[in-house]
Amino acid sequence: MFDLERWEEIFETIRKNKLRTFLTGLSVASGIFILVILLGIGQGMRNGISAEFEQDAANILYVWTGRTAVEYKGLNPGRQIQLKNADFQSTAQKYIDELEYKSAVYRIWNGVVDYKKETGSYRVEGVLPDYQFLENTPLMQGRFLNYQDHQNYEKVAVIGKVVKNDLFKEVDPVGKYVEISGINFKVIGVFSDPGGEREENRVYVPLSTGQRVFNGQNNINNMAFTLGKEDNFESALAASNKFSAELQQFLKEQHSVAPEDTRAININNSLENAKRFYDLMDMIKFFFWGVGICTIIAGIVGVSNIMLIIVKERTREIGVRKALGAEPWSIVGMVLHESIFVTAIAGLVGLIGSLALLELVGPMIETNYIANPSVDFGVALTTVVILVVAGALAGFFPAYRAARIKPIVALRDE
Amino acid sequence: MIEIKDLHKSYKTGSNTLHVLKGINFNVAEGELVSIMGSSGSGKSTLLNILGMLDEADQGSYTLDGVPIKNLNEKIAARYRNRFLGFVFQSFNLINYKTALDNVALPLYYQGMKRKERLERAMAYLDKVGLTAWAQHLPNELSGGQKQRVAIARALASDPKVLLADEPTGALDTKTSYEVMDLIQKINEEGRTILIVTHEHDIAEMTKRIVNLKDGVIIDDRKVDQVKALQHV
Ligand SMILES: Nc1ncnc2c1ncn2[C@@H]1O[C@H](COP(=O)(O)OP(=O)(O)OP(=O)(O)O)[C@@H](O)[C@H]1O
Ligand SMILES: [Mg+2]
C-alpha cells in the first residue's frame with residue numbers, strides 16, 4: 001500500500017486511461033450521491049412529520065362529547081352530553097395511581113381580551129395546573145396557574161405568546177391586567193407552545209374562576225389525562241388502550257349512553273395516533289432504505305461490470321507484464337489498488353457533493369413535511385466503504401483469474 | 001546455456017489431442033545466435049514459448065544456465081522470466097498507454113529498481129537501438145520497425161541471459177527487417193545468446209546456426225556462414 005513505485009505505476013495508469021477512470025468514478029460517485037440525497041430526504045420527511053406531531057404530550061388522552069346517536073333506555077338520540085366536574089373528579093379518584101397528569105377544561109366561548117386600547121378574540125379556557133404539562137407549554141415569563149389560584153378563585157391568566165405580542169407589543173405583561181369579556185384578570189405568565197402559533201393564541205385561567213365568573217356552574221367541556229410512564233411503547237399503548245376503554249364505558253354509564261354509541265363520548269388516544277405515526281415513520285424509513293439499498297446494489301453491479309470489462313480489456317497487457325516478470329500477486333495488487341483508489345476517491349467526491357448539496361439546499365426547503373434534511377455521516381461513510389469493498393471484490397476475482405492463467409494464454413487474447 | 005532433452009508437448013482441443021512436439025533434443029551454448037525454422041504449424045512457437053517459460057512442456061527436461069526448469073510455481077517462474085529471459089514478439093506487445101521509455105523500463109520495475117535509475121537504464125537501451133528521440137512517444141506514434149526496436153530494447157533492459165524472438169521481422173518489410181537483424185547481430189556480438197523463430201531464409205542466413213523443425217521433431221541442425229545484415233541495409 002505504501003509502495004511508492006506502485007503508486008507511481010497506478011497514477012500513470014490512471015492518467016493514461018482517463019475515460020475508464022472517469023466511468024468507474026462516475027458510477028460510484030453518482031450511486032453515493034443518489035443514496036445520500038435519498039436518505040437525506042427521508043430523514044427530512046421524518047423530521048418534518050415529527051415536528052407536526054410534536055405538539056402535545058405524546059401519551060395524552062383527550063375526552064370530548066357530542067350528541068347521542070342511538071336511542072337508549074327510552075332516551076331519544078340527538079341528546080347533547082354535558083360533562084360535569086363530578087365526571088372528572090370520580091375519574092381522577094378512581095385512577096389515582098395510574099394517572100400522571102390530569103385536567104378538566106372549561107371552554108369560555110367568545111373570549112374577547114382587551115388591554116388598554118388593544119383588543120383580540122382568543123380561545124380562553126379554564127384549566128387545572130397540570131394542563132401545562134398536558135399541553136406541553138414551556139413558560140417564557142412568569143409562572144403557570146397553581147392550586148392556590150384554583151382554590152381561591154383567583155382572577156389570574158396565563159397568556160400565549162401570540163396574545164402577548166398582539167396586546168402588549170414590547171411591554172412586559174406580567175402583573176398587568178387584561179379584561180376577558182369585561183372582567184379584569186391579572187397576567188401571571190406567558191407561554192410558548194411547540195405546536196406553533198395556533199396553540200399560542202390561547203389564554204388559560206383557573207378552572208374554578210372560569211366556571212364561576214363565566215357562569216359555567218359545574219360544567220366542563222373536556223378532560224385530558226396522561227398515564228404514568230411504562231417501560232416500553234407496547235405496554236404504554238396497552239395501558240392507555242385499557243384506560244381509554246374503561247373510561248369510555250364509565251362515562252357512558254354515567255350519562256346513560258348506549259354502549260354501542262360511537263358519537264356521544266369521544267376519547268382521542270394520542271398514543272394510538274402515535275403508534276400510527278411511528279409506523280408511518282418506520283415505513284418512510286424502510287422505504288428510503290430500500291430504495292437506497294437498491295441504489296447501492298445498482299452501484300455495485302455497475303462497478304463490478306466495469307471491473308470485469310477493465311480486466312478483460314487488460315488481459316493481453318497482463319500477459320505482457322507476466323512475460324516481463326510480473327508475479328501473479330503484483331497483477332492482482334495492481335488491479336485492486338487502482339480500483340480501490342478510484343472508487344474511494346469517487347465515493348468521497350459523491351459523498352462530499354451530496355452532503356454539500358443537503359447543507360446548502362436543506363435549510364431552504366420550507367414545506368410542512370420536509371424539515372432539515374440530513375444524513376448520518378457515519379451511515380454515508382459506511383456506504384462508501386461498502387462500495388469500495390464491493391468494487392475491490394468485483395475486481396479481485398477477474399484479476400485473480402487473469403493473474404493465474406498462463407502468460408501465453410493471456411498473450412493470445414485479442 | 002540451454003539444454004533440452006526429449007521434450008514433448010501436446011494440445012488438447014475438445015476430444016482430440018494434438019501432439020505438437022515429439023521429443024526435441026537440443027543444446028544452445030552461450031553466445032550463439034540460432035534460428036529455428038520450419039513450416040507453419042511445425043511447433044516453432046510452441047518450442048520457443050516453453051523455452052521462455054510462457055508455457056510448460058508435458059514431458060522432458062529443460063535446463064537453463066544450469067538451473068533445471070521444472071514444476072515452477074508462478075512466482076518463481078516470473079522471477080526467472082524477469083532475470084534470465086528477454087522476449088521479442090512478432091506483434092511487438094508493447095503496452096499502448098505507456099511511452100517507449102516506460103515500456104523499456106517496465107521489466108526493471110518488476111526487478112524492484114527505483115524509478116530514476118530504471119529510466120536512466122531504459123534511456124541507455126533506447127539509445128542503443130537508436131530511438132533516443134522517440135523516448136516520449138506512445139507505441140501508436142511509431143513505425144513497425146521502431147516498435148520492434150523498442151521491444152528489443154525492452155527485452156534487453158533486464159540484461160537477460162537469453163533473448164527469445166518469435167518472428168521478430170514477421171510484421172516488417174525487407175529493409176526494416178534487415179535493420180532489426182543488424183541490431184540483433186550486434187547484440188549477439190556483445191556475447192548474448194539469441195534464439196530466433198523465422199520462416200524467412202534470408203533472415204535465417206543472418207544467424208549462425210539453423211535448426212529445422214518438422215512435425216514436432218528436429219530434422220536438421222547446421223551451422224551457417226553468417227551473412228551480415230549491414231551489407232543489405
Ligand atoms: N493453445 C493451443 N491450443 C491448441 N492447439 C494449439 C495451440 N497453440 C498451438 N496449437 C497448435 O499446435 C501446432 C503448432 O503451433 P505453433 O504455434 O507452435 O506453430 P508454428 O510452428 O509457430 O507455426 P507458425 O509458423 O504458423 O507460427 C499448430 O497446429 C497449432 O494449431
Ligand atoms: Mg509461430
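Conventions used here
Residues numbered from 1 in each chain as written. Chains lettered and ligands numbered in written order. Predicted model: local features only at pLDDT ≥ 70, side-chain atom pairs only at ≥ 80, totals over all residues. Heavy atoms only, no water. Helix = DSSP H or I, 4+ residues; strand = E, 2+ residues; numbered from the N terminus. Buried < 20%, exposed > 50% of the residue type's maximum accessible area, 1.4 Å probe, protein only. Contact = heavy atoms within 4.5 Å. Areas by Shrake-Rupley, 256 points an atom, 1.4 Å probe, with all protein chains shown as cover. Axes fitted to C-alpha atoms, helices over the stretch in contact; angles between N-to-C directions. Parallel < 35°, antiparallel > 145°, perpendicular 65-115°, else oblique. Left-handed = near helix turned anticlockwise from the far one by under 90°. Nonpolar A, V, L, I, M, F, W, Y, C, P; charged D, E, K, R; others polar. Pairing = 2+ DSSP bridges. Near = heavy atom within 4 Å. Polar contact = N/O pair within 3.5 Å; in protein donor to acceptor, adjacent residues only side chain to side chain. Core = buried A, V, L, I, M, F, W, Y, C linked by side-chain atoms within 4.5 Å. Buried area = accessible area lost by both parts, 1.4 Å probe. Salt bridge = Lys/Arg side-chain N within 4 Å of Asp/Glu carboxyl O. Phe/Tyr/Trp six-rings, centres within 6.5 Å; stacked < 30°, edge-to-face > 60°. pLDDT = per-residue confidence, 0-100. Expected span 1.5 Å × (residues − 1). Arc of directions from axis to C-beta.

Here's the deal with the overall build of chain A
Okay, so step 1: In terms of regular secondary structure, chain A is built from 13 helices and 12 strands.
Okay, so step 2: Within chain A, buried positions represent 50% of all 414 residues.
Okay, so step 3: Counting only contacts in chain A whose residues sit at least 6 apart along the sequence, the fraction spanning at least 24 positions is 79%.
Okay, so step 4: Accessible surface, chain A as shown: approximately 20300 Å² in total, 58% of it carbon and sulfur.

Quick look at the overall build of chain B
Okay, so step 1: Looking only at helices and strands, chain B features 7 helices and 10 strands.
Okay, so step 2: Taken over 233 residues, chain B has a buried fraction of 55%.
Okay, so step 3: Across chain B, contacts joining residues at least 24 apart in sequence account for 70% of those joining residues at least 6 apart.
Okay, so step 4: Surface summary for chain B: the accessible area is close to 10000 Å², and the carbon and sulfur share equals 47%.

With respect to unusual backbone geometry
Okay, so step 1: Phi is positive for Ser181 of chain A, close to 45 degrees, though the residue is something other than glycine.
Okay, so step 2: Position of Ser181 of chain A among the secondary structure elements: in the loop between β7 (177-180) and β8 (183-191).
Okay, so step 3: The phi angle at Met53 of chain B is positive, at roughly 60 degrees, despite the residue not being glycine.
Okay, so step 4: Looking at Met53 of chain B, the relative accessible area reads 7%, which means it is buried.

Here we look at the packing of helix α1 (residues 4-16) of chain A against helix α3 (residues 100-109) of chain B
Okay, so step 1: Where α1 of chain A meets α3 of chain B, the axes come as close as 13 Å, and the angle between the chain directions of the two elements is 150 degrees. The orientation of α1 of chain A with respect to α3 of chain B, classified from their angle, is roughly antiparallel. The way α1 of chain A lies across α3 of chain B gives a crossing that is left-handed. Two secondary-structure elements touch here, α1 of chain A through Glu5, Arg6, Glu9, Glu12 and Lys16 of chain A and α3 of chain B through Asp102, Leu106 and Tyr109 of chain B.
Okay, so step 2: Across the contact of α1 of chain A with α3 of chain B, the residue classes tally to 2 nonpolar, no polar and 6 charged.

Looking at the packing of α1 of chain A against helix α11 (residues 328-361) of chain A
Residue and element names in this part refer to chain A.
Okay, so step 1: Where α1 meets α11, the axes come as close as 10 Å, and the angle between the chain directions of the two elements is 65 degrees. Comparing the axis directions of α1 and α11 gives the class roughly perpendicular. Both α1 and α11 take part in a crossing whose hand is right-handed. On α11, the residues that touch Arg6, Trp7, Ile10, Phe11, Thr13 and Ile14 of α1 are Gly333, Met334, His337, Glu338, Phe341 and Val342.
Okay, so step 2: Taken together, the residues of the contact of α1 with α11 break down into 7 nonpolar, 3 polar and 2 charged.

Focus: the sheet that holds strand β7 (residues 162-166) of chain B
All names here are of chain B.
Okay, so step 1: Taken together, 6 strands build an open sheet; the order of strands is β6-β7-β8-β3-β9-β10 and the sheet is mixed. What marks the edges here is a single partner per strand, and that holds for β6 (85-88) and β10 (217-223). Neighbour-to-neighbour, the strand axes of the sheet open up by a mean angle of 20 degrees, direction not taken into account.
Okay, so step 2: Sheet topology note: the strand β3 (residues 33-38)/strand β9 (residues 209-214) ladder contains 5 bridges and is parallel. The residue bridging Ile36 from the neighbouring strand is Val211, located in β9.
Okay, so step 3: Against the sheet, helix α6 (residues 174-189) engages β3 and β8 (193-197), with an angle of about 150 degrees to β8.

So, the site of ligand 1
Okay, so step 1: Taken together, 15 residues lie around ligand 1, and Ser40, Gly41, Lys44, Ser45 and Thr46 of chain B are the ones closest in.
Okay, so step 2: Flanking ligand 1 are residues from chains A and B.
Okay, so step 3: Take Arg412 of chain A: an N or O atom from its side chain is 2.9 Å from a nitrogen atom of ligand 1.
Okay, so step 4: Residue Ser40 of chain B places a side-chain N or O atom 2.5 Å away from an oxygen atom belonging to ligand 1.
Okay, so step 5: Compared with its free state, where it exposes 620 Å², ligand 1 has 68% of that area covered by protein.

Overview of the nonpolar core
Okay, so step 1: In this structure, Ile2, Ile4, Phe26, Leu47, Leu51, Leu64 and Leu195 of chain B are the most contacted members of the largest nonpolar core, which totals 75 residues.
Okay, so step 2: Considering every element that reaches this core, the biggest residue donor is α11 of chain A, with 9 residues.
Okay, so step 3: Excluding residues that lie within four positions of it along the chain, Leu47 of chain B makes contacts with Ile4, Leu7, Leu21, Ile24, Ile36 and Leu213 of chain B.
Okay, so step 4: With 41 residues, the next largest nonpolar core counts Phe185, Phe225, Leu227 and Leu251 of chain A among its residues.

Thoughts on the sheet that holds strand β5 (residues 67-68) of chain B
Hydrogen bonding along the main chain pairs the strands of a sheet, whether they run parallel or antiparallel.
Residue and element names in this part refer to chain B.
Okay, so step 1: Taken in spatial order, the 4 strands of this open sheet run β2-β1-β4-β5, and their pairing is antiparallel. At either margin of the open sheet sits one strand with a lone partner, and together these are β2 (16-28) and β5.
Okay, so step 2: Lying over the sheet, helix α1 (residues 44-51) contacts β1 (2-13), β2 and β4 (59-64), oriented at roughly 120 degrees with respect to β1.

What about the interface of chain A and chain B?
By a frequent convention, interface size equals the accessible area lost on bringing the separate parts together.
Okay, so step 1: Across the boundary between the two partners, chain A contributes 27 residues, which contact 29 residues of chain B.
Okay, so step 2: Surface buried jointly by chain A and chain B totals about 2600 Å² across both partners, of which 52% is contributed by carbon and sulfur atoms.
Okay, so step 3: Inspection of the chain A/chain B interface yields 4 salt bridges.
Okay, so step 4: Among the ionic pairs, Lys322 of chain A bridges to Glu74 of chain B, the shortest N-O distance being 3.3 Å.
Okay, so step 5: Run the count over chain A and chain B and you get 12 residue pairs in polar contact (both at pLDDT 80 or more).
Okay, so step 6: Of the residues forming the side of chain A that touches chain B, the biggest block, 7 residues, is contributed by α1 of chain A.

A short note on the packing of aromatic side chains
Residue and element names in this part refer to chain A.
Okay, so step 1: Counting across every chain of the model gives 20 aromatic pairs over all chains.
Okay, so step 2: Measuring from ring centre to ring centre gives 5.1 Å for Phe191 and Tyr204, while their planes differ by 20 degrees; the resulting arrangement is stacked. Taken together, the residues span a long stretch of sequence, with Phe191 in strand β8 and Tyr204 in strand β9 (residues 202-206) at a distance of 13 residues.
Okay, so step 3: Through a chain of ring-to-ring contacts, three or more aromatic side chains come together here, namely Phe88, Tyr95, Phe225 and Phe243.

Considering the pairing of strand β11 (residues 222-227) of chain A
Every other side chain in a regular strand lies on the same face of the sheet, so the side chains alternate between the two faces.
All names here are of chain A.
Okay, so step 1: Where burial is concerned, most of β11 is hidden: 6 out of the 6 residues are buried.
Okay, so step 2: Side chains of β11 alternate between two faces, with Asn222, Ala224 and Thr226 and Met223, Phe225 and Leu227 buried alike.
Okay, so step 3: Across 4 bridges, the pairing between strand β1 (residues 60-65) and β11 is antiparallel. By the bridge assignment, Val63 is partnered in β11 with Met223.

Some points on the confidence of the model for chain B
Residues and elements named next belong to chain B.
Okay, so step 1: Of all residues in chain B, 100% attain a pLDDT of 70 or more, and the chain-wide mean is 91.
Okay, so step 2: The lowest-confidence element of chain B is helix α2 (residues 74-84), averaging 89 in pLDDT; the highest-confidence one is β8, averaging 95.
Okay, so step 3: The ipTM assigned to the predicted complex is 0.92, against a pTM of 0.69.

A word on helix α4 (residues 115-128) of chain B
Helical geometry: 3.6 residues make up each α-helical turn, so side chains three or four residues apart lie on a common side.
Okay, so step 1: Between the first and last C-alpha of α4 of chain B there are 20 Å, a value that for 14 residues agrees with the 20 Å anticipated at 1.5 Å per step.
Okay, so step 2: Buried within α4 of chain B we find Arg118, Ala122, Tyr125 and Leu126 of chain B. The arc enclosing the buried residues of α4 of chain B, seen along the axis, measures out at 100 degrees, which places them on a common side.
Okay, so step 3: Residues of α4 of chain B that are buried sit in contact with α1 of chain A together with α3 and α5 (144-157) of chain B.
Okay, so step 4: Residue Gly130 of chain B follows α4 of chain B closely and has a positive phi angle near 75 degrees.

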